[in-house]
Amino acid sequence: MPLPAQRPARPPTLVVVGAGPTAVGVLERLLANAPVLSGGRRARVHLVDPFPPGGGRVWRSEQPDLLRANSLVGDVTVLPDASVHVEGPVGAGTTLAEWVREVAAARPDDDPVGREARRLTPASFPSRPLVSAYLGWVLEQVVADAAPWLDVRHHAARAVDLADGPDGAVVRLADGTLLAADVVLLAQGHLDARPTAAERELAADAARHGLTYVPTAYTADADLSVVPAGEDVLVRGAGLAFVDLAVLLTGGRGGRFERGDDGRLRYLPSGREPVLHVGSRRGVPYRSKLGYPWAGPPVPLRFFTPAAVDEALGDRQVDLRADLAPLVARELAWAHYTELFRTSPGRTAVGWDDFAEAFVAAGDRTAERALVERSVPDPRDRFDLAALDRPLAGRRLDDAASLQEAVREHVRADLERAADPAFSSDAAVFTALLRCHGTVAALVAARRLTPRSEAEDVSGWWTNLFSYLASGPPGPRLEELLALSEAGLLHFLGAETEVGLDEAAGVFTARSASRPGTTTARVLVDARLPQPDVTATTDPLVAGLLARGAARERTSADPGAEGGAGARAGSTSTRRCTS
């Protein structure tokens, strides 16, 4: 990258690549600490992002308002307040709920954000464009407050290269602009990746047979115009990307939902929808967000803290699934029963002190199960992580119709429970799971996991379990999936779904462990984000650093791996630029 031979003196300069919520948070903390960090000198910040600042790519306003945030209005903020322990001073911290109230009163009727704001309550799930407006407003306030200390400039362009310069680093933008900096922060979020070998092969086979294949992508960016109306479509993946896909292919094509006199939601089709057949490893959608507030108190971690891991397993490297999964299960069960005994002692057969002592002393899963069976009479009040995680495991239904009703009953039961504060033990488990996530992060930072486990289990098994239990869709979305299923536009394929291509028939096929038979279609959608893999990224800046050896993916030898192969230990870890 050519550089000017000489540069004028410049103030301390930070370039942030990416202008979404992460950049907003960094800028807010930089401002809070600017008097100390700058030594009285003005500093400069460049925000580089082709998408609008504040919302960035994921929250950009140029996406359908049918797509919603996965958190309640009352749970969202990017500004720290007195409850947050961070370096530097904190203010009152305007939350999304407070901003919505102000916008509802101030904006006119012809403003879509104002109209939506007037419909929202703290218990509503806002649209992504509305959250984008909030994030943009926060960034504007931070930039305005920064004026005495920081000059902030947004560049609506993509950063394409990063190299060492004569007095720091230089970032090159797609429009040719060169930005000199003392520090560069990469905050692009989830990086796109080139198709995997399996995806390339599948795309080639689909093209050869005249089939339609929509590969992994952020759903709002996928070209869904290639999915024809009225045709059967196989969908691989039943997580949040699938929920967005279902929204865009139904309500996004003119269909609408209507609640009948019996209180049930029904879908009124437009006639432009495809028929979706969705399968995954679990075979069911992610669990519903809880529909009630919970005051706690949260249950402190007991079995899955870094110190507890040391006590149980010593200071050796550990495997997240083999060594730590049992501790996670025990921790979540402890939170569940602590809350159950605290709030509903009438639903238990023994006192808490006796139960807690026996639970801690239980030497294995068998003893723990026996204790629970004699202490908690109602099976609905018992905690079984394996059953929660794989609700269709071991079940094989006679036919497709039986499977549909089984999954619908599962979703109905999940919705009913998620709306009932009598089962606040679920909220305690949710909070404990968040804290367990902190322990996993601490163990990764301390290099306590084996290389294989860090590379595969953290972004694989653990993230999948966490997302399924703690980051599912809002309850209304699951209710909509039920209505689509009952309207015949959504069919569940079951657990352990395997997708292939029948060369002789020239169609995609799907089979599952939950029922006999094969489902065929001429369209397949992979409803998930690309797997994080920094070596396969299409981001030009990161790809360029890797190509010339200025950055690398961190790997380390795994003695337990066959042949002593190296294991990837963090697909987004790169060294500082050394070119």
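S.K.: Any chance you could explain the sheet that holds strand β15 (residues 507–511) here in plain terms?
M.R.: Strand pairing within a sheet occurs via backbone hydrogen bonds; the two strands may be parallel or antiparallel. With antiparallel pairing, three strands are arranged side by side in an open sheet as β14-β15-β16. The sheet is open, and its two edges are formed by β14 (498–502) and β16 (519–521), each paired on a single side. Sheet twist, expressed as the mean angle between neighbouring strand axes with direction ignored, is 30°. Two strands pair when backbone bridges link them, and β15 and β16 are joined in this way by three bridges, in the antiparallel orientation. When the sheet's bridge partners are listed, T509 is paired in β16 with T520.

S.K.: I tried to follow the pattern of salt bridges on my own but got confused; where do I start?
M.R.: A side chain with one charge may pair with a side chain of the opposite charge, provided their charged atoms come close. Within this structure, the stated rule accounts for 37 salt bridges. The salt bridge involving D151 is made with R42; its shortest N-O contact spans 2.5 Å. Pair noted here: D151 is in strand β3 (residues 150–155) and R42 is in the loop between α2 (34–38) and β2 (43–48), with a separation of 109 residues, a long-range link. The partly exposed category is assigned to R42, whose relative accessible area is 34%. The residue R548 makes a salt bridge to D161 at a minimum N-O spacing of 3.0 Å. Note that R548 is positioned in the loop between α18 (540–547) and β18 (555–557) and D161 in strand β4 (residues 159–165), a separation of 387 residues in sequence. The class for R548 is partly exposed, based on a relative accessible area of 38%. Connected through salt bridges with shared partners, the residues R264, E405, R408, E409, R412 and E486 form a single ionic network.

S.K.: Whenever I open this one, helix α1 (residues 21–32) confuses me. Can you help?
M.R.: Since the α-helix packs 3.6 residues into each turn, any two residues three or four apart lie on the same face. Here α1 contains 12 residues, and its C-alpha end-to-end distance of 17 Å stays within 8% of the 16 Å for a straight helix at 1.5 Å per residue. For α1, the set of buried residues is A23, V24, L27, E28, R29, L31 and A32. Those residues of α1 that are buried are in contact with β1 (13–17), α2, β2, α5 (128–146) and β3.

S.K.: Where do I start with the sheet that holds strand β5 (residues 168–173) in this structure?
M.R.: Strand order across the open sheet formed by three strands is β4-β5-β6, with antiparallel pairing between neighbours. The strands lining the two open edges of the sheet, one partner per strand, are β4 and β6 (178–181). Between one strand axis and the next, the sheet turns by 25° as a mean value, whatever way the strands run. Bridging between β4 and β5 involves six bridges; their strand directions are antiparallel. Bridge pairing in β5 links D164 to A169.

S.K.: What is the right way to look at α18 in this model?
M.R.: Residues of α18 that are buried include every one of L541, V542 and L545, and no others. Taken around the axis of α18, the buried residues stretch over an arc of 95°, which confines them to a single face. Turning to α18, the residues buried within the fold contact β1, β4 and β7 (183–186). Sitting at the amino-terminal end of α18 is D539, which places a side-chain oxygen 3.2 Å from the backbone nitrogen of L541.

S.K.: How should the side chain of D526 be read in this particular structure?
M.R.: The residue D526 is located in strand β17 (residues 523–526) in this model. By relative accessible area, which is 2% here, D526 ends up buried. Not counting chain neighbours up to four residues away, the residues in contact with D526 comprise Y213, V214, P215, T216 and R236.

S.K.: Any chance you could explain the side chain of T250 here in plain terms?
M.R.: Mapped onto the fold, T250 is located in the loop between α7 (240–249) and β10 (256–259). When its relative accessible area of 4% is taken as the criterion, T250 is described as buried.

S.K.: Which parts of the structure should I look at to understand the environment of L490?
M.R.: Looking at the element boundaries, L490 is found in strand β13 (residues 490–494). Overall, L490 belongs to the buried group, its relative accessible area being 1%. Residues L490 and H277, 213 residues apart in the sequence, show an inter-C-alpha distance of 5.9 Å. Those residues in contact with L490 that lie beyond four places of it in its chain are F242, L276, V278, Q404, L481, L484 and S485.

S.K.: I tried to follow the packing of aromatic side chains on my own but got confused; where do I start?
M.R.: The geometry of an aromatic ring pair comes down to the distance between the two centres and the angle between the two planes. In the structure shown here, the tally under the stated rule is 16 aromatic pairs. When the ring of F257 is compared with that of Y267, the centres are 4.9 Å apart and the planes differ by 55°; the resulting orientation is tilted. Of the two residues, F257 is situated in strand β10 and Y267 in strand β11 (residues 265–268); the sequence distance between them amounts to 10 residues. Judged by relative accessible area, F257 falls into the partly exposed class, the value being 26%. A centroid spacing of 5.7 Å and a plane angle of 80° characterise the contact between F303 and W334, whose relative ring orientation is edge-to-face.

S.K.: Would you explain the nonpolar core in this entry?
M.R.: Nonpolar side chains in soluble globular proteins generally cluster together in the buried interior. Core analysis: the largest hydrophobic core is formed by 82 residues, its most contacted members being F242, F304, L324, L332, Y337 and W462. Ranked by residue count, the leading element in this core is helix α9 (residues 320–343), at 12 residues. Residue contacts for W462: discarding those within four places in its chain leaves L320, V328, L433, C436, H437, V440 and D457. Formed by 33 residues, the second largest nonpolar core is a distinct cluster that contains L96, W99, V100 and V113.

S.K.: Just to check I follow, could you spell out the environment of R101 for this structure?
M.R.: By the secondary structure assignment, R101 is in helix α3 (residues 96–106). Given a relative accessible area of 52%, R101 falls into the exposed group. With 286 residues separating them in the primary sequence, R101 and A387 have C-alpha atoms 42 Å apart.

S.K.: Mind showing me how you'd approach the confidence of the model for the protein chain here?
M.R.: For any part of a model where pLDDT is low, the fine detail of the predicted coordinates should not be relied upon. Averaged over every residue, the pLDDT of the protein chain is 90; the share at 70 or more is 94%. The low-confidence segment residues 1–7, where pLDDT is below 50, has 15 contacts with residues more than four positions distant or belonging to other chains.

S.K.: I keep staring at the pairing of β13 and nothing clicks. Help me out?
M.R.: It is a general feature of regular strands that their side chains alternate between the two faces of the sheet. With respect to burial, β13 is a largely interior element, four of its five residues being buried. In terms of strand pairing, strand β12 (residues 275–279) meets β13 through four bridges, oriented parallel. Bridging from a neighbouring strand, L276 pairs with L490 of β13.

S.K.: Explanation requested: unusual backbone geometry in the structure shown.
M.R.: Excluding glycine, most residues fall at negative phi; most peptide bonds, likewise, are trans. Cis geometry marks the peptide bond from G296 to P297; its omega dihedral reads 10°. In this structure, R447 takes a positive phi of about 60° despite not being glycine. Residue R447 is classed as partly exposed on the basis of its relative accessible area, which comes to 38%. Positive phi is not limited to glycine here, since E496 has a value of about 50°. Among the secondary structure elements, E496 is positioned in the loop between β13 and β14.

Cut-offs applied
- Residues numbered from 1 in each chain as written.
- Predicted model: local features only at pLDDT ≥ 70, side-chain atom pairs only at ≥ 80, totals over all residues.
- Heavy atoms only, no water.
- Pairing = 2+ DSSP bridges.
- Helix = DSSP H or I, 4+ residues; strand = E, 2+ residues; numbered from the N terminus.
- Axes fitted to C-alpha atoms, helices over the stretch in contact; angles between N-to-C directions.
- Salt bridge = Lys/Arg side-chain N within 4 Å of Asp/Glu carboxyl O.
- Buried < 20%, exposed > 50% of the residue type's maximum accessible area, 1.4 Å probe, protein only.
- Expected span 1.5 Å × (residues − 1).
- Contact = heavy atoms within 4.5 Å.
- Arc of directions from axis to C-beta.
- Polar contact = N/O pair within 3.5 Å; in protein donor to acceptor, adjacent residues only side chain to side chain.
- Phe/Tyr/Trp six-rings, centres within 6.5 Å; stacked < 30°, edge-to-face > 60°.
- Core = buried A, V, L, I, M, F, W, Y, C linked by side-chain atoms within 4.5 Å.
- pLDDT = per-residue confidence, 0-100.

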